[in-house]
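Fold and contact review
Listed below, chain by chain, are the residues.
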Amino acid sequence: MTAPPQPKPCYLSRRRRLLAQLHHPLLLFSGGEVPRNAPSTAYPFRADSNFLYFFGPCEPDCAAFLDPDNARISFFAPQRTPQNTLWTGPQPSFETLKQSLGVDEVLEWEGLEGHIPRLGGGRPLESLAIADERTTQRARKLTGQEMSFGKPGRRGPPALLRALANMRLCKEADEIEEISSAVRITQEAHLAAMRHTRPGLFEYEVYAHLLAVFARHACQEAYSTILSVRGEVLHNPHRGNRLEGGELLLVDAGAEGPHGYAADLTRTWPVSGKFSAEAKAIYEVVLLANQRCIEAVRPGIRFRALQRLASQVLAEGLAGVGLLRGRTEDILASGALSVFFPHGIGHLLGLDVHDLEGFEEALSEASPGPAEGMAPPPLRMDITLKEGMVFTLEPGIYLIPSRIGSAELQKSFGEFVNFEEAGRYVQMNGGRGFGGIRIEDNVLCTPTHAEVLTAAMPKQPAEIEALVGAAL
């Protein structure tokens, strides 16, 4: 008989550390399958990230009761029935689960409400809201807590959120390897997409090459891939455009590995394999901002300083190509840069592609807002970098027709934005527009500098031009 797998030491260590910080019993949920269009047709299951952090990949409808008074952990899993086996195949027995997870007992999920009063013994019980609303409703009934997954700071008790945020913020060695693995697969996928790009294809044809790499490595998309010549639409979900020479293809895609860790990489390249003069000039401005931010990373620097640095480089560069005018300090103070750069410089990366999103109040050292001397856009996060943090750096420039043509923005920023010149860009490529350019890397903060996990993915213009269409 084959011995059951042993629990990974990292999960045991994390649970011990969490138990030592709890003041009340904690009930964590994996979440269940969410129907896509019929009860029997569900979206692919993915466990809640906090559950993954402490227990690893699991089947739907699991829970764990962590008791700080006796350091016991009771795990709940669905019943093993012949009917379930018929449709989904055999699952490990409760005894096998107990040994492979390193928990004290495994109980039936279906009897959760009956077991919790016995395990809790009348003590206050805490839990966390998760994306699966039906499971969150169950948690509310069991704990009496008011919590909401979609409201920052309301996912659970503040002390619990702070404890979880502090544990997950700086990555352990095994987590860095998981992210690095997702990065390697993501780079391979981007290279496949780049090599199969040529005029005349549709966006979805290039997308197919990217997805094939993910599937070959048993990975999923960490988020809905952005792959479009309309890169000025920041989270563009559409992939139906025909690729035309002169256009830029922006690809923002990341793999999620089997244990839930994500990569998040963006590159932009010319459909024809050759940057136009205008595209190359703006691309090099974005690239310089990306490089300067990477060079500035070290423990102790505030993330708002990186936002300020990227914005300064972008403002100076856009002035150089004639899209902005005036003193850089005045441009930044006015908010005029947001016409072309309307988002933050980056976000945490880990078990979620926007790692610890919803934990902002537990993480922020000050209320998120503009960096000093700047008008919006606001920061995505405002924390001091520490060794072990993994995050993205993703400056971008976008020629967005609705913003360039906005009478309100023209009135507000006419002193600093050359709207006439911007209008010329919007009319490029036969009126289809210039698009957008974003360059995004995944960065680990080491004791002295930034380790660029995505360094193997080319981003110099000449390197990119040599790769586009190379497979055709």
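To start, this report covers the structure provided alongside it. Predicted model only: the values in this text are computed from it and were never measured.

**Digging into the packing of helix H1 (residues 9-21) against helix H7 (residues 158-169)**
Contact pair H1 / H7: the axes reach a minimum separation of 11 Å and the direction vectors enclose 150°. Between H1 and H7, the interaxial angle falls into the category roughly antiparallel. Here the hand of the crossing between H1 and H7 comes out right-handed. Residues Arg14, Arg17, Leu18 and Gln21 of H1 touch H7, and the partners they reach there are Ala163, Leu164 and Met167. Each residue belonging to the contact of H1 with H7 can be placed in one class, and the counts come to four nonpolar, one polar and two charged.

**Remarks on the pairing of strand S2 (residues 35-38)**
Sheet analysis places S2 next to strand S3 (residues 41-42), joined by two bridges and oriented antiparallel. Pairing of Ala38 across the sheet is with Thr41, part of S3.

**Observations concerning the packing of aromatic side chains**
Taken as a whole, this structure holds nine aromatic pairs when the rule is applied. Taking 5.0 Å as the distance between ring centres and 50° as the angle between the ring planes, the aromatic pair formed by Phe275 and Tyr283 counts as tilted. Each of the two residues, Phe275 as well as Tyr283, counts as buried. Taking the centre distance of 5.4 Å and the plane angle of 70° together, the rings of Tyr425 and Phe434 count as edge-to-face. According to the relative accessible area criterion, Tyr425 is buried, its value standing at 3%. One aromatic cluster in this structure is built from Phe51, Phe55 and Phe75. Taking the ring centre of Phe149 as reference, the NZ or CZ of Arg155 above it sits at 3.9 Å. Lying over the aromatic face of Tyr207, Arg239 brings its terminal NZ or CZ to 4.0 Å of the ring centre.

**Focus on the sheet that holds strand S5 (residues 72-77)**
Across the sheet, which stays open at both edges, the five strands sit in the order S6-S5-S4-S1-S7 with mixed pairing between neighbours. In the strand order of this sheet, the two ends are held by strand S6 (105-108) and strand S7 (126-127), each with one partner. Bridge count for strand S1 (residues 26-29) against strand S4 (residues 63-67) is four bridges, and the pairing is antiparallel. When the sheet's bridge partners are listed, Phe29 is paired in S4 with Ala63. Together, S1 and S7 form the strand contacts of helix H6 (residues 133-143), whose direction differs from that of S1 by roughly 170°.

**As for the environment of Pro158**
As for its placement among the helices and strands, Pro158 is situated in helix H7. Judged by relative accessible area, which is 52%, Pro158 ranks as exposed. Counting along the chain gives 61 residues from Pro158 to Cys219, while the straight-line C-alpha distance between them is 33 Å.

**Here's the deal with H1**
Here H1 spans 19 Å end to end across 13 residues, near enough to the 18 Å set by a 1.5 Å rise per residue. Within the span of H1, buried status applies to Cys10, Tyr11, Arg14, Arg15, Leu18 and Leu19. One side of H1 carries all its buried residues, which in axial view fall inside an arc of 165°. Away from its buried face, by an angle of more than 90 degrees, H1 presents the exposed residues Pro9, Arg16 and Ala20.

**Remarks on the packing of helix H10 (residues 277-296) against helix H11 (residues 303-320)**
Helix packing for two helices is described by the angle between their axes and how far apart those axes are. It is the contact of H10 with H11, at a shortest axis distance of 9 Å, that shows an interaxial angle of 155°. By the angle between their axes, H10 is roughly antiparallel relative to H11. In terms of crossing hand, the pair formed by H10 and H11 is right-handed. Only Leu306, Leu309, Ala310, Val313, Leu314, Gly317 and Leu318 of H11 make contact with H10, whose side of the interface consists of Val285, Val286, Leu288, Ala289, Arg292, Cys293 and Ala296. Of the residues belonging to the contact of H10 with H11, the class tally is 12 nonpolar, one polar and one charged.

Cut-off values and rules
- Residues numbered from 1 in each chain as written.
- Predicted model: local features only at pLDDT ≥ 70, side-chain atom pairs only at ≥ 80, totals over all residues.
- Heavy atoms only, no water.
- Axes fitted to C-alpha atoms, helices over the stretch in contact; angles between N-to-C directions.
- Helix = DSSP H or I, 4+ residues; strand = E, 2+ residues; numbered from the N terminus.
- Parallel < 35°, antiparallel > 145°, perpendicular 65-115°, else oblique.
- Left-handed = near helix turned anticlockwise from the far one by under 90°.
- Contact = heavy atoms within 4.5 Å.
- Nonpolar A, V, L, I, M, F, W, Y, C, P; charged D, E, K, R; others polar.
- Pairing = 2+ DSSP bridges.
- Phe/Tyr/Trp six-rings, centres within 6.5 Å; stacked < 30°, edge-to-face > 60°.
- Buried < 20%, exposed > 50% of the residue type's maximum accessible area, 1.4 Å probe, protein only.
- Lys NZ or Arg CZ within 6 Å of the ring centre and 35° of its normal.
- Expected span 1.5 Å × (residues − 1).
- Arc of directions from axis to C-beta.

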